[in-house]
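Residue-level listing of the chains:
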Amino acid sequence: MPDSLQTQPEVGVPDDTVFPPGVCYIDGRYTTMDQAKIPVLDWGFLRSDATYDVVHVWQGRFFRLDAHVERFLASVAGLRMTLPVERAELERILHSLVARAGFQDAYVEMVCTRGHSPSFSRDPRQARNRFFAFAIPFGWIASEEQRARGLDVHIAEIPRISPESVDPTVKNYHWLDLVMGLYQAYDAGRENVLLTDGGGLVTEGPGFNLFAVKDGRATTPARGVLHGITRRTALELCAELGVPAEAGPLSVEALKQADEVFLTSTAGGPMPITRLDGEPVGDGKPGPVTAKVTALYWDKHRDPAWTTAVDYSLKG
Ligand SMILES: *Cc1c(COP(=O)(O)O)cnc(C)c1O
């Protein structure tokens, strides 16, 4: 390496100490999070040309691993990528990540990026797709205090990227609408954000789906959203609880008139929203349907039908 490059001051080099504990599998090797790096030419980074999924581990068990892996494989196929590992190998890697990290509770992300073409061509068919995955400590969308009282959420003027442009059922990193929406929310003194479809219907927020409960019936937006595994879970739990629930159009007006609103995400399950644009939802307290769905959701984390024990023998 020329001296002129070696002696450059380390401007803009992130501090490695800010990385969480955890383990990453990348390019066929396991490494700590601070050592996990992707080449800057990867289109996953340069163009958000990537798909991913997140499954969580709770008390040593994956929650709905099959559903997450199936969605991930469908997303990879939807973007016309080829995952460089088979499904069984993918699952073995996910187990091994958690085992190596020694986590009982974890947030496990799997990613497939377009990679880059060896000839630097602009033709995506020539790109070699890259797979990596990592396990880091479990994280929540809302803090314990927010979960107890419910979130104060802003409804952004920014519409969610149209489903005609980018298929929202392929989990993706096109988040600039969501991130700029978060800034709008913070500027307005709120804690999180919901985006509309630009035509009066609500869609979703950064990493979560939405449910409104009115007169005992639950509705979650049908269009322009990721089909969240927690959203599907909440629909199934509502059925088990005898609460009529369906995916359908949900207007901003109907949302504001709801008795209860809650969000759903792998990063914390169902969580109450008790204020919208500063106004209380219903009586301004987390509601009974939200409480029942949340309790049953966490109960299911011990149910072998919905969980898979982590194979802690895969420590490498
Ligand atoms: C991941 C995500 C969700 C929630 O999906 P889950 O499978 O329940 O975690 C909702 N919306 C977007 C945009 C997401 O990325």
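Not measured: the values here are computed from a predicted model.

> Tell me about the overall build of the protein, and name the residues and values.
The secondary structure content of the protein amounts to nine helices and 15 strands. For 316 residues, the compact-globule estimate of 2.2 N^0.38 gives 20 Å, and the C-alpha radius of gyration of the protein, at 21 Å, lies within 12% of that figure. A total of 316 residues make up the protein; the buried ones form 48% of that total. The contacts of the protein with a sequence gap of at least 6 include a subset with a gap of at least 24, amounting to 71%. With an accessible surface of roughly 15300 Å², the protein has 53% of that area assigned to carbon and sulfur atoms. Here the protein carries 32 positive and 41 negative side-chain charges, and the mean point of each set is 4 Å from the other.

> Run through the packing of helix 7 (residues 229-241) against helix 9 (residues 288-299), naming residues and quoting values.
The interhelical angle for the contact between helix 7 and helix 9, taken along N-to-C directions, is 105°, at an axis separation of 10 Å. Comparing their axes, helix 9 and helix 7 come out roughly perpendicular. Across the interface between the two elements, Thr230, Thr233, Ala234, Leu237, Cys238, Glu240 and Leu241 from helix 7 touch Lys292, Val293, Leu296 and Tyr297 from helix 9. Taken together, the residues of the contact of helix 7 with helix 9 sort by class into seven nonpolar, two polar and two charged.

> With reference to specific residues and values, describe the domain arrangement of the protein.
The assigned domain composition of the protein is domain 1 (3-137) and domain 2 (144-301). Once you take the C-alpha centre of each, domain 1 and domain 2 turn out to be 27 Å apart. Across the boundary between the two partners, domain 1 contributes 21 residues, which contact 20 residues of domain 2. Of all residues in domain 1, Tyr52, Phe63 and Arg71 give up the largest surface area on contact with domain 2, accounting jointly for 35% of the area buried on that side. Across the contact surface, domain 1 and domain 2 share one salt bridge. Note that Glu236 is salt-bridged to Arg64, the shortest N-O span being 3.2 Å. Inspection of the region where domain 1 meets domain 2 yields seven residue pairs in polar contact (both at pLDDT 80 or more). Of all the elements in the fold, those that place two or more residues in the side of domain 1 that touches domain 2 are strand 3 (50-58), strand 4 (61-63), helix 3 (65-78) and strand 5 (106-116).

> Tell me about the state of the cysteines, and please be specific about residues and values.
Counting across every chain of the model gives zero disulfides. Cys112 forms no disulfide, and the closest cysteine sulfur to it belongs to Cys24, at a distance of 14 Å. The class of Cys112 is buried, set by a relative accessible area of 0%.

> Which residues make up the sheet that holds strand 1 (residues 23-26), and what values go with them?
The strand order across the open sheet built from seven strands is 2-1-6-5-3-4-15, with neighbouring strands paired in antiparallel fashion. Each edge of the open sheet carries a strand with a single partner, namely strand 2 (29-32) and strand 15 (307-309). Across this sheet, the average inter-strand angle for adjacent strands is 25°, counted without regard to direction.

> Account for the site of the ligand, naming residues and giving values.
Looking at the ligand, there are 15 residues lining it, with Lys171, Glu204, Ile229, Thr230 and Thr266 nearest. Contacts to the ligand include Ile229, whose backbone N or O atom sits 2.8 Å from an oxygen atom. In the complex, the protein chains occlude 96% of the 380 Å² of accessible area that the ligand would expose alone.

> Break down the pairing of strand 6 (residues 128-137) for me, with residues and values.
For strand 6, a buried count of eight out of 10 residues is recorded, marking the element as mostly surrounded by other parts of the structure. Both strand 1 and strand 6 contribute to a ladder of four bridges, which runs antiparallel. Directly across from Ile26, in strand 6, lies its bridge partner Phe132. Pairing of strand 5 with strand 6 involves nine bridges; the strand directions are antiparallel. Looking at the pairing, Tyr107 lines up with Ile136 of strand 6.

> Break down the pattern of salt bridges for me, citing the residues and quoting the values.
Between side chains of opposite charge, a pair can form when the charged atoms approach closely. For the structure on display, the rule yields 21 salt bridges. Residues Lys256 and Asp277 are paired through a salt bridge, measuring 3.0 Å at the closest nitrogen-oxygen approach. Here Lys256, found in helix 8 (residues 252-256), pairs with Asp277, found in the loop between strand 13 (269-276) and strand 14 (279-280); they are 21 residues apart in sequence, far enough to count as distant. Looking at Lys256, the relative accessible area reads 34%, which means it is partly exposed. A relative accessible area of 26% means that Asp277 is categorised as partly exposed. Here the salt bridges share partners, and the residues they tie into one network are Asp66, Glu70, Arg87 and Glu91.

Cut-offs applied
Residues numbered from 1 in each chain as written. Predicted model: local features only at pLDDT ≥ 70, side-chain atom pairs only at ≥ 80, totals over all residues. Heavy atoms only, no water. Helix = DSSP H or I, 4+ residues; strand = E, 2+ residues; numbered from the N terminus. Rg over C-alpha atoms; globule rule 2.2 N^0.38 Å. Buried < 20%, exposed > 50% of the residue type's maximum accessible area, 1.4 Å probe, protein only. Contact = heavy atoms within 4.5 Å. Areas by Shrake-Rupley, 256 points an atom, 1.4 Å probe, with all protein chains shown as cover. Lys, Arg positive; Asp, Glu negative; His and termini not counted. Charge placed at Lys NZ, Arg CZ, Asp CG, Glu CD. Axes fitted to C-alpha atoms, helices over the stretch in contact; angles between N-to-C directions. Parallel < 35°, antiparallel > 145°, perpendicular 65-115°, else oblique. Nonpolar A, V, L, I, M, F, W, Y, C, P; charged D, E, K, R; others polar. Domains from an automatic or database assignment. Buried area = accessible area lost by both parts, 1.4 Å probe. Salt bridge = Lys/Arg side-chain N within 4 Å of Asp/Glu carboxyl O. Polar contact = N/O pair within 3.5 Å; in protein donor to acceptor, adjacent residues only side chain to side chain. Disulfide = S-S within 2.5 Å. Pairing = 2+ DSSP bridges. Near = heavy atom within 4 Å.

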